[in-house]
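# Coordinates in review
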Amino acid sequence: MSEELISIKNLYVQVNNVQILCGLNLTINKGEIHAIMGPNGSGKSTLAKVISGHPGYEITNGSIVLNGVNITDIDPEVRAHMGIFLAFQYPIEIPGVSNTDFLRLAYNCKRKANNLPELDPLSFFQLVSDKLDIINMDAKFLGRNVNEGFSGGEKKKNEILQMALLEPVVSILDETDSGLDIDALRIIANGINDLFSNKQSIILITHYQRLLDYITPDFVHIMHEGQIKYTGDATLAYELEKNGYDILKIKAPSS
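Small disclaimer: the values here were computed from a predicted structure and weren't measured. Counting of residues starts from 1 at the beginning of each chain's written sequence and follows it residue by residue. Local features in this predicted model are restricted to residues whose pLDDT is 70 or higher, and side-chain atom pairs enter the listing and the counts only when it is 80 or higher, whereas totals over whole chains, interfaces and linings include all residues. In computing side-chain properties, one takes all heavy atoms of the structure into account and sets aside hydrogens as well as water.

### Considering the nonpolar core
In plain terms, the rule: Put simply, a nonpolar core is a bunch of buried Ala, Val, Leu, Ile, Met, Phe, Trp, Tyr and Cys residues held in one set by side-chain atoms that sit within 4.5 Å of each other. Note on exposure labels: buried denotes an accessible area under 20% of the residue type's maximum, exposed denotes more than 50%, and partly exposed covers the range between, all computed with a 1.4 Å probe on protein chains only. Secondary structure follows DSSP: runs of H or I at least 4 residues long count as helices, runs of E at least 2 residues long count as strands, and numbering of each begins at the N terminus. Residue contacts follow a heavy-atom distance rule, with two residues in contact if any of their heavy atoms lie within 4.5 Å.
Counting 41 residues, the largest nonpolar core has Ile160, Leu161, Met163, Leu173, Ile192 and Leu204 as the members making the most contacts within it. The element best represented in this core is helix α6 (residues 182–195), accounting for six residues. If sequence neighbours within four positions are ignored, Leu173 has contacts with Phe85, Ala87, Ile160, Met163, Ile192, Ile202, Ile203, Leu204 and Ile205.

Next comes the structure, spelled out in structure tokens:
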């Protein structure tokens, strides 16, 4: 029997008094990969940010439950310590902060929150060096400032490196495939597959089938007007690729 990992019920969210999510429901079990697709403005990125606890979004109704704990009103850093990870569509640069220091601080903050001993710099360097091979990333990037001067593909690799270190239970990847050439896409997708386990879940937010050629989702959801309107298996993404969002006019809503 599948074990429920995250449950979102009747979620209403607004920004500056504008309603973005309108009664959204989503349940994800351990070991499942869910892809979320939909037109621009349908609420996909809003959902990602709300799950991770972004303070700029107001939840007016509904709940988000992680491993049986209601996290609807919990601070984002606590959610991160509990195992929620968000890979940004546009990772920001942090001048003056080395990648190694940033990664070690994030890693040790999570360990401390979970009553585990922190790693010293030497031990951490060995750990992170072992993770680099997963995403084919050169060790020289560890000494550079966070994302500063990185290409789009390098920034996305850096996000997956964070994912590899933090070992989240729920990974939300917001358009990780955007701006990647085919080689970078393949490397990052293979890295995600290597990191995935049956104790975790992944939410892939994407516009394109090409990412799903490498990472096969258990479920594909189509968002529209702040709700998940249709749900299917991996073949739904191919149908969407063929017919576009006209599919919203002809398919029967999912229950």
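### Overview of the layout of surface pockets
For clarity, the cut-off: Put plainly, a pocket is an open set of points on a 1 Å grid over the protein atoms alone with protein on both sides within 12 Å along at least five of seven lines, a cavity is a set where a 1.4 Å probe fits but cannot get out, and a lining residue has an atom within 4 Å of a point. Grid points are joined across faces, edges and corners, and a volume is the space filled by probe spheres set on the points. Gly counts as polar in this scheme, as do all residues outside two lists: the nonpolar Ala, Val, Leu, Ile, Met, Phe, Trp, Tyr, Cys and Pro, and the charged Asp, Glu, Lys and Arg.
If you add up the space inside the largest pocket, you get close to 830 Å³. As for the largest pocket, its lining consists of 29 residues, of which Pro76, Ala80, Leu86, Phe88 and Gln162 are closest to the centre. Contributing elements (two or more residues each) for the lining of the largest pocket: α1 (44–52), α2 (76–82), β6 (84–87), α3 (99–113) and α5 (152–166). Across the lining of the largest pocket, the residue classes tally to 17 nonpolar, seven polar and five charged.

### Here's the deal with the sheet that holds strand β12 (residues 227–232)
Applied cut-off: A pair of strands is labelled paired if DSSP reports no fewer than 2 bridges between them. Axis lines are fitted through C-alpha atoms, for helices just across the contact stretch, and the angle between N-to-C directions can take any value from 0 to 180 degrees.
Pairing is mixed across the open sheet formed by six strands, whose spatial order is β6-β9-β10-β3-β11-β12. On the outer flanks of this sheet lie β6 and β12, each paired with one strand and no other. Across the sheet, the mean angle from the axis of one strand to that of its neighbour is 20°, orientation sign disregarded. Against the sheet, α1 engages β3 (33–37), β6, β9 (170–174), β10 (201–205) and β11 (219–224), with an angle of about 145° to β6.

### Re helix α4 (residues 121–132)
Quick note on the threshold: Each helix should span, by expectation, one fewer than its residue count multiplied by 1.5 Å. In this description, one arc is meant: the one made by directions from the helix axis to the C-beta atoms. Under this definition, polar contacts are N or O atom pairs within 3.5 Å; protein pairs additionally need one hydrogen-donor-capable and one acceptor-capable atom, and for neighbouring residues in sequence, both atoms have to be side-chain atoms.
Here α4 is twelve residues long and its end C-alpha atoms lie 16 Å apart, about the 16 Å a rise of 1.5 Å per residue gives. The complete set of buried residues in α4 reads Phe124, Val128, Lys131 and Leu132. All buried residues of α4 fall inside an arc of 105° around its axis, so they share one side. In this structure, the buried residues of α4 make contact with α3 and α5. The opening residue of α4 is Asp120, an N-cap whose side-chain oxygen sits 3.0 Å from the backbone nitrogen of Leu122.

### Considerations on the packing of α4 against α5
The relative placement of two packed helices comes down to the angle between their axes together with the axis-to-axis distance. The condition that has to hold: By definition in this entry, angles of less than 35 degrees are roughly parallel, angles greater than 145 are roughly antiparallel, angles of 65 to 115 are roughly perpendicular, and the rest are oblique. A clockwise turn of the near helix away from the far one marks a right-handed crossing, whereas an anticlockwise turn of less than a right angle marks a left-handed crossing.
Contact geometry for α4 and α5: axes closest at 10 Å, N-to-C directions at 120°. Considering the angle they form, α4 stands oblique to α5. The interaxial crossing formed by α4 with α5 has right-handed handedness. Of the residues in α5, those touching α4 at Phe124, Leu127, Val128, Lys131 and Leu132 are Leu161, Ala164 and Leu165. Its residues assigned to classes, the contact of α4 with α5 shows seven nonpolar, no polar and one charged.

### Let's talk about the pattern of salt bridges
Close approach of charged atoms lets side chains of opposite charge pair. Note the following rule: The term salt bridge refers to a pairing of a side-chain nitrogen on Lys or Arg with a carboxyl oxygen on Asp or Glu at a separation within 4 Å.
Counted under the stated rule, the structure contains five salt bridges. A salt bridge links Glu3 to Lys30, with the shortest nitrogen-to-oxygen separation between them at 3.3 Å. Here the residue Glu3 occupies a position in the segment before β1 (4–15), and Lys30 occupies one in the loop between β2 (18–29) and β3, the gap between them amounting to 27 residues. Overall, Lys30 belongs to the partly exposed group, its relative accessible area being 27%. Asp101 serves as the salt-bridge partner of Arg104, at 3.7 Å between the closest nitrogen and oxygen. Remark: Asp101 and Arg104 occur in helix α3; sequence separation between them is three residues, near one turn of the helix. Here Arg104 falls in the partly exposed class, since its relative accessible area comes to 24%. With a relative accessible area of 41%, Asp101 lands in the partly exposed category.

### Some points on the packing of α3 against α5
Packing of α3 against α5 leaves a shortest axis separation of 10 Å and a crossing angle of 30°. Judged by the sense of rotation from one axis to the other, the crossing of α3 with α5 is right-handed. On the side of α3, the interface is formed by Asn99, Phe102, Leu103, Ala106, Tyr107 and Lys110, while α5 contributes Asn158, Leu161, Gln162, Leu165 and Leu166. Looking at the contact of α3 with α5, its residues break down into seven nonpolar, three polar and one charged.

### A word on the pairing of β11
As judged from the four bridges shared by β3 and β11, these two strands associate in the parallel manner. Each residue of the ladder has a partner; that of Ile36, found in β11, is His221. Two elements, β11 and β12, share five bridges in a ladder whose sense is antiparallel. The residue of β12 that forms the bridge with Val220 is Gly232. The turn linking β11 back onto β12 is made up of two residues, and Glu225 within it adopts a positive phi angle of 55°.

Nothing here speaks to function; it is all geometry.
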